[in-house]
Amino acid sequence: MIIVITCSAPGKTHLIGEHSVVYGEPAIIISVGKRAYISAEKSESVKIDAQDISQKGEFSVLELKEFEEKLQQVWDNCFETKNFTPLYSLLKDEHLGHIKAMIAKTMAELDINTPFSLKISSEIPIGSGLGSSAALSVAVPKALSELFKNNLTLDEINQVAYKIESLAHGTPSGGDNSICCYGGALWFKKGTPNVIEPLHLDFKMKNFVLVFTGTPQLTTGELVANVRSLNPEYRTPRVEKLGILTYEMRECLSKQDFARMKELMNSAQELLTELGVSIDEIDRIHTAVKEINGGAKLSGAGGGGYMICYHEDLQLLTQIIKDLGYVPEKVELGVEGVRTERR
Ligand code: PMV
């Protein structure tokens, strides 16, 4: 009998704390009801069928081993020189580079030497701040751990996912893979060890909408690098301010003070604009939503992608967004993390 394992992981939205989380400040990240799915079965060679991007590939176990070693070497050099451009170029130039990297890293970490085939399909738009790569970085080790009976714990899956995310983005905070792994809503703070606390939000979250503002021209790694290249005298006070807002956000979520929550979202957006990761379209939506007394900010790395917006009057909020020519999307928030799908 052929055994097929299917696993899925959700996408995510940053309520607050993106970018500043890279510098050790906390972030509040919430899973969203759009999922990435991986189906895995044993096979005679490693076959990848990435259905959303209509790309396929076939590789030997040895080829993937060598690719992983090369990637790790390039990553080490990039880390030393504090310039990850060669890593990003390597991934872009290679056929199915990102997916191959995820699979190769998982094989190395789980000591898998037997081939398998993977089918990948995802409801999460690629490269738009909703955690498309983080969801896969969690779902791939989960599916392979089930297929090869490694029985990894959630924490172990998250550790492998972080290594995968590092290959894709250089030095990520680890927040994205954590929320895609554990689901719900998380208080995340990078450190040794990371602080990862579930936030038990009473999801009066019905009045949130997500808005797609366009495909970012830059990747997460590039946007993070741009912020890093700012003069520390300019960057640090803004990063610290974002940290203060995030602590206050936790407070006001626990008190269900949505009026203050909106103000915090707006202040965070204005600081992210100052850090250079917003775009005109985002600023325009932010201004319009703020004018009707709502909250609106980018979500994730920025440069376009998704925004998260809130208003008590959902009809008014959706109307304003539509008037600007955008499509407000209602999605479930705080959904389950990585899981095995029932066969
Ligand atoms: O846009 P995304 O989904 O890749 O989110 C990036 C979040 C950042 O804080 C900008 C980077 C990070 O590693 O946390």
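Residues numbered from 1 in each chain as written. Predicted model: local features only at pLDDT ≥ 70, side-chain atom pairs only at ≥ 80, totals over all residues. Heavy atoms only, no water.

Trainee: I'm lost on the site of the ligand in this one. Help?
Mentor: Every one of the 15 residues lining the ligand counts as a neighbour, but Lys 12, His 19, Ser 173, Thr 220 and Ala 301 are closest to it. Within the contact set of the ligand, an oxygen atom lies 2.8 Å away from a backbone nitrogen or oxygen of Ala 301. Listing elements by their share of the shell around the ligand, those giving two or more residues are β1 (5–16) and α7 (220–228). Class assignment for the residues of the shell around the ligand results in 5 nonpolar, 7 polar and 3 charged. (Near = heavy atom within 4 Å. Polar contact = N/O pair within 3.5 Å; in protein donor to acceptor, adjacent residues only side chain to side chain. Helix = DSSP H or I, 4+ residues; strand = E, 2+ residues; numbered from the N terminus. Nonpolar A, V, L, I, M, F, W, Y, C, P; charged D, E, K, R; others polar.)

Trainee: Explanation requested: the layout of surface pockets in the structure shown.
Mentor: One way to see where empty space is left: roll a probe the size of a water molecule over the atoms. Approximately 520 Å³ is the volume attributed to the second largest pocket. Lining the second largest pocket are 24 residues, with Phe 79, Phe 84, Gly 170, Thr 171 and Arg 228 sitting closest to its centre. Sorting the residues of the lining of the second largest pocket by element identifies α1 (61–81), α2 (85–93), α5 (154–169) and α7 as the ones contributing at least two each. By residue number, the principal contributor to the lining of the second largest pocket is α7, which donates 6 residues. (1 Å grid on protein atoms, 1.4 Å probe; cavity = no way out; pocket = protein on both sides within 12 Å on 5 of 7 lines; lining within 4 Å. Points joined across faces, edges and corners; volume = space filled by probe spheres on them.)

Trainee: What should I look at first to understand the packing of aromatic side chains in this one?
Mentor: In this description, an aromatic ring pair is defined by two values, namely the gap between the centres and the angle between the planes. Using the criterion set out here, one finds 8 aromatic pairs in the structure. Summarising the aromatic geometry, the rings of Phe 212 and Tyr 306 are spaced 5.2 Å apart at their centres and angled 45° between planes, so their arrangement reads as tilted. You can see Phe 212 sitting in strand β8 (residues 208–212) and its partner Tyr 306 sitting in strand β10 (residues 306–310), a full 94 residues away along the chain. Both rings, one in Phe 258 and one in Tyr 310, keep their centres 5.5 Å apart while their planes meet at 15°; by these two values the pair is stacked. Residue Phe 258 is found in helix α9 (residues 258–274), and its partner Tyr 310 is found in strand β10; the two are separated by 52 residues along the sequence. An aromatic cluster of three or more residues is present, and its members are Trp 75, Phe 79, Phe 84 and Tyr 88. (Phe/Tyr/Trp six-rings, centres within 6.5 Å; stacked < 30°, edge-to-face > 60°.)

Trainee: Please explain the nonpolar core as it appears in this structure.
Mentor: Ranked by size, the top nonpolar core spans 111 residues in total, and within it Ile 103, Phe 116, Leu 144 and Met 249 carry the most contacts. Per-element accounting of this core gives the leading share, 9 residues, to helix α4 (residues 132–147). (Core = buried A, V, L, I, M, F, W, Y, C linked by side-chain atoms within 4.5 Å. Buried < 20%, exposed > 50% of the residue type's maximum accessible area, 1.4 Å probe, protein only.)

Trainee: Explain the sheet that holds strand β9 (residues 295–298) here, please?
Mentor: Strand pairs in the sheet, formed through backbone hydrogen bonds, run parallel or antiparallel to each other. If you trace the 4 strands from one edge of the open sheet to the other, you get β9-β10-β8-β11, paired in antiparallel fashion. The open sheet has two edge strands with one neighbour each: β9 and β11 (328–329). For β8 and β11, the ladder comprises 2 bridges, and the chain directions are antiparallel. Looking at β11, one finds that Val 211 is bridged to Pro 328. Across the face of the sheet, α9 comes into contact with β8, β9 and β10 while running at roughly 35° to β9. Those strands touched by helix α11 (residues 314–323) are β8, β10 and β11, and its axis lies near 10° from that of β8. (Pairing = 2+ DSSP bridges. Contact = heavy atoms within 4.5 Å. Axes fitted to C-alpha atoms, helices over the stretch in contact; angles between N-to-C directions.)

Trainee: For this particular structure, what's the right way to read the packing of helix α3 (residues 97–110) against α5?
Mentor: Describing two packed helices takes the angle between their axes plus the distance from one axis to the other. Packing of α3 against α5 leaves a shortest axis separation of 9 Å and a crossing angle of 140°. Considering their axes alone, α3 and α5 lie oblique with respect to each other. Seen from above, α3 lies across α5 with right-handed handedness. Side by side, α3 and α5 meet where His 98, Ala 101, Met 102, Lys 105, Thr 106, Glu 109 and Leu 110 of the first sit next to Val 160, Lys 163, Ile 164, Leu 167 and Ala 168 of the second. Per-class residue counts for the contact of α3 with α5 are 7 nonpolar, 2 polar and 3 charged. (Parallel < 35°, antiparallel > 145°, perpendicular 65-115°, else oblique. Left-handed = near helix turned anticlockwise from the far one by under 90°.)

Trainee: Help me understand empty space enclosed by the protein, please; the structure alone is not making it clear to me.
Mentor: Summed over all chains, the structure comprises 1 cavity of 30 Å³ or more. Forming the walls of the largest cavity are Leu 91, His 98, Ala 101, Met 102, Ile 164, Leu 167 and Ala 168. Residue assignment for the lining of the largest cavity shows that the elements contributing at least two residues are α3 and α5. Taken together, the residues of the lining of the largest cavity sort by class into 6 nonpolar, 1 polar and no charged.

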